[in-house]
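# Reading the structure
Each chain is listed here by its residues.
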Amino acid sequence: MARTDAIVLGAGIVGTSTALQLARRGLGVALVDRRAPGEETSYGNAGIIEGNTIFPPAFPSSSRALLRIALKRAPEANYHLRHLPRAAPWLLAFWAASRPHRLVETARIIRPLFSRALAEHEALLAAAGAAGYLRRAGWLKLYRSDAAVAAIGRELDLAQEFGIACRRLDLDGARALEPDLAPVFRHAVHWPDAASVSNPLAVTRAYAAHLARLGGVVLTGNARSLHRADGRWRIDTAEGPVDASEVVLALGPFAPGALDPLGIRLPLGIKRGYHRHFRTGGSAALTRPVVDVENGYCLAPMEQGIRLTTGAEFAACGAPPTPVQLDRLLPTARALFALAEPVEATPWMGCRPCFADSRPVIGRAPGHAGLWLAYGHGHWGLTLGPATGRLLAEMMTGETPFCDPAPYGAERFKC
Ligand SMILES: Cc1cc2nc3c(=O)[nH]c(=O)nc-3n(C[C@H](O)[C@H](O)[C@H](O)COP(=O)(O)OP(=O)(O)OC[C@H]3O[C@@H](n4cnc5c(N)ncnc54)[C@H](O)[C@@H]3O)c2cc1C
């Protein structure tokens, strides 16, 4: 029987960062996953560390946009009809959380966590010898119509209030930053203080390797084997059972499978997303991620090629992939940037773990001593992994948390 101070279940970016933050505070840590670190949702994101983010993604506010989605003509969203009855309560809560005053409220609530996002990554990247993956060139959001850019006035006002740098650009200004973008848009906003990584999988792997250097262990095991034994938590792994007094559950979209048997049911929704890498035509290149806002996709330069990522698909995590959004987007994306042939035979699919109020759950699991939760990071798991890990590690070790953890507690769901 192996004993350690803390077991972290789930070696995505959130769990691996949390394990590392605990190990940096001197705790013995076992990081347990059924796969190798970083191979699920954390593999396929757009690589953006969005410390500058203000508003969360919102339910469409115009009936025209909603109709386009309902008719399956929208590139930014798709759904499986048979999934809608199950998703309905979540969608209703998401709609309520998307009212303008709630979005502003959320922007203020999540700011403390976001404001630490880049600094915490920088610290871990430097310690892990992985700073070479980081690009500090910001990200660029493109707007094709005057109406679309007019709609972000509130966001820009809040950016000023929060002290977040942003630069409004016209077509020429944007093309001065990214000369290979075609002139199919009218406006852009450059958020210079955001950053991005050129290989999210490599970053999670580097954090896991650094954990091992600090004395932590990375083990193979099934989180569903978690149980109480002799007054401690116990998990079965390929190397035998491991005991600890503290357990962090960081299973992203897979969390409900391990929490249900413990009687913990929080209203997690799933927004699936896809990506595919493309080679570039000729010498075309991008130096930072570029988002085509009205069409809901991102072009992110990665080591593997240009990664085209999609918006949301409302479908069960385990249902077969239906990458129709990529098909809808491709002509639009190709008109913007010279994407040549795809690198892989089939697109990648992942499941964003989302709470309707766009906040993760970070803190104690109600009713279970020594059990901690860190999941539900939605569109921002890469961004918030290290900041989440720090906040949780501070709570677990009795340090003063760098921000008030109350808004991220599971108790907000009145469970
Ligand atoms: C298309 C797309 C683009 C995105 N772009 C961005 C972006 O640019 N910036 C950003 O910040 N975020 C982005 N995201 C969101 C981000 O990728 C996720 O929020 C993040 O990866 C979630 O990380 P996680 O560690 O919580 O989950 P995961 O990475 O899914 O990790 C969970 C881990 O738990 C393990 N696991 C599951 N079940 C078990 C079990 N029973 N036993 C043991 N282990 C188990 C899995 O193997 C996995 O390793 C994007 C997401 C998508 C889909």
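Look a little higher up for the structure.
Residues numbered from 1 in each chain as written. Predicted model: local features only at pLDDT ≥ 70, side-chain atom pairs only at ≥ 80, totals over all residues. Heavy atoms only, no water.

## Points about the site of the ligand
Close contacts around the ligand come from 30 residues, with Asp33, Thr41, Ser42, Ala223 and Thr383 the closest. Ala223 places a main-chain nitrogen or oxygen 2.8 Å from a nitrogen atom of the ligand. At a separation of 2.8 Å, an oxygen atom of the ligand approaches a polar backbone atom of Gly378. About the coverage of the ligand: the protein hides 98% of its 1,000 Å² of free accessible area. Elements represented by at least two residues in the shell around the ligand include exactly helix 1 (13-24) and helix 12 (381-397). It is helix 12 that contributes the most residues to the shell around the ligand, three residues altogether. Grouping the constituent residues of the shell around the ligand by class yields 13 nonpolar, 13 polar and four charged. (Near = heavy atom within 4 Å. Polar contact = N/O pair within 3.5 Å; in protein donor to acceptor, adjacent residues only side chain to side chain. Areas by Shrake-Rupley, 256 points an atom, 1.4 Å probe, with all protein chains shown as cover. Helix = DSSP H or I, 4+ residues; strand = E, 2+ residues; numbered from the N terminus. Nonpolar A, V, L, I, M, F, W, Y, C, P; charged D, E, K, R; others polar.)

## As for the nonpolar core
Counting 43 residues, the largest nonpolar core has Leu22, Leu113, Tyr207 and Val248 as the members making the most contacts within it. No other element matches the seven residues that helix 12 contributes to this core. Setting aside chain neighbours within four positions, we find Leu113 in contact with Pro360, Ile362, Leu384, Ala387, Leu391, Phe402, Cys403 and Tyr408. Formed by 27 residues, the second largest nonpolar core is a distinct cluster that contains Leu226, Trp233, Leu268 and Phe355. (Core = buried A, V, L, I, M, F, W, Y, C linked by side-chain atoms within 4.5 Å. Buried < 20%, exposed > 50% of the residue type's maximum accessible area, 1.4 Å probe, protein only. Contact = heavy atoms within 4.5 Å.)

## Examining the packing of helix 1 against helix 12
As a packed pair, helix 1 and helix 12 sit with axes 8 Å apart at the nearest point and diverge in direction by 40 degrees. If you check the angle between helix 1 and helix 12, you find them oblique. Judged by the sense of rotation from one axis to the other, the crossing of helix 1 with helix 12 is right-handed. On helix 12, the residues that touch Ile13, Val14, Ser17, Thr18, Gln21 and Leu22 of helix 1 are Gly381, Leu382, Gly385, Pro386, Thr388, Gly389, Arg390, Leu392, Ala393 and Met396. Residue classes in the contact of helix 1 with helix 12 are distributed as eight nonpolar, seven polar and one charged. (Axes fitted to C-alpha atoms, helices over the stretch in contact; angles between N-to-C directions. Parallel < 35°, antiparallel > 145°, perpendicular 65-115°, else oblique. Left-handed = near helix turned anticlockwise from the far one by under 90°.)

## Some details on the sheet that holds strand 1 (residues 2-3)
Hydrogen bonds between backbone atoms are what pair the strands of a sheet, whose relative direction is either parallel or antiparallel. What the four strands build is an open sheet, ordered 1-14-13-12; its pairing is mixed. Edge positions in the sheet fall to strand 1 and strand 12 (227-229), since each has one partner strand and no second. The pairing of strand 13 (residues 232-237) with strand 14 (residues 240-244) spans five bridges and is classified as antiparallel. Residue pairing in the sheet places Trp233 in a bridge with Ala244 of strand 14. (Pairing = 2+ DSSP bridges.)

## Describing the state of the cysteines
Working definition: the covalent bond between the sulfur atoms of two cysteines is a disulfide. One pass over the full model with this rule turns up one disulfide. Between Cys317 and Cys351 runs a disulfide, and the two sulfur atoms are separated by 2.4 Å. Across the disulfide from Cys317 to Cys351, rotation about the S-S bond amounts to roughly 125 degrees, and the bridge is consequently right-handed. Of this pair, Cys317 sits in the loop between strand 20 (312-314) and helix 11 (324-336) while Cys351 is found in strand 22 (residues 348-355), placing the two residues 34 residues apart along the sequence. For Cys317, a relative accessible area of 23% translates into the label partly exposed. (Disulfide = S-S within 2.5 Å.)

## Let's talk about the packing of aromatic side chains
This structure, assessed with the given rule, holds seven aromatic pairs. An angle of 50 degrees between the planes, with centres 6.1 Å apart, marks the rings of Trp90 and Phe314 as tilted. Linking Trp90 in helix 3 (residues 84-97) with Phe314 in strand 20, this pair joins segments that are 224 residues apart in sequence. Classification of Trp90 by relative accessible area gives buried; the value is 11%. Through a chain of ring-to-ring contacts, the aromatic side chains of Phe59, Trp90, Phe94 and Phe314 assemble into a single cluster. (Phe/Tyr/Trp six-rings, centres within 6.5 Å; stacked < 30°, edge-to-face > 60°.)

## A word on the pairing of strand 2 (residues 6-9)
Here strand 2 shows two buried faces, one formed by Ala6 and Val8 and the other by Ile7 and Leu9. Relative to strand 3 (residues 29-33), strand 2 is paired through four bridges, and the arrangement is parallel. If you follow Ile7 over to strand 3, its bridge partner there is Ala30. As a crossover connection, the stretch from strand 2 through helix 1 into strand 3 is right-handed. One ladder, built from four bridges, connects strand 2 with strand 15 (residues 246-249); its direction is parallel. Along strand 15, the bridge assignment pairs Ala6 with Glu246. (Right-handed = clockwise from strand over helix to strand, strands pointing away.)

## As for the sheet that holds strand 23 (residues 361-364)
The strand order 11-3-2-15-24-23 describes an open sheet built from six strands, whose pairing is mixed. A strand with exactly one partner marks an edge of an open sheet, and here the two such strands are strand 11 (217-220) and strand 23. Within the sheet, the average angular offset between the axes of one strand and its neighbour, ignoring direction, is 20 degrees. Here strand 23 runs beside strand 24 (residues 371-375); their pairing, made up of four bridges, is antiparallel. What sits directly across from Arg364, in strand 24, is Trp372.

## So, the packing of helix 4 (residues 100-115) against helix 7 (residues 153-162)
Viewed as axis vectors pointing N to C, helix 4 and helix 7 meet at an angle of 30 degrees, and their least axial separation amounts to 12 Å. Taken as axis vectors, helix 4 and helix 7 run roughly parallel relative to one another. The two elements helix 4 and helix 7 cross, and the hand of that crossing is right-handed. From helix 4, Val104, Ala107, Arg108 and Arg111 reach across to helix 7, where they touch Arg154, Leu158, Glu161 and Phe162. Residue composition of the contact of helix 4 with helix 7, by class: four nonpolar, no polar and four charged.

## A few points about helix 7
Of all the residues in helix 7, the buried ones are Glu155, Leu156, Leu158 and Ala159. For helix 7, the buried positions fall inside an angular range of 160 degrees around the axis, keeping them on one side. For helix 7, the elements touching its buried residues are helix 4, strand 7 (139-143), strand 8 (167-170) and strand 9 (187-191). Downstream of helix 7 by one or two residues, Gly163 has phi in the positive range, about 75 degrees. (Arc of directions from axis to C-beta.)

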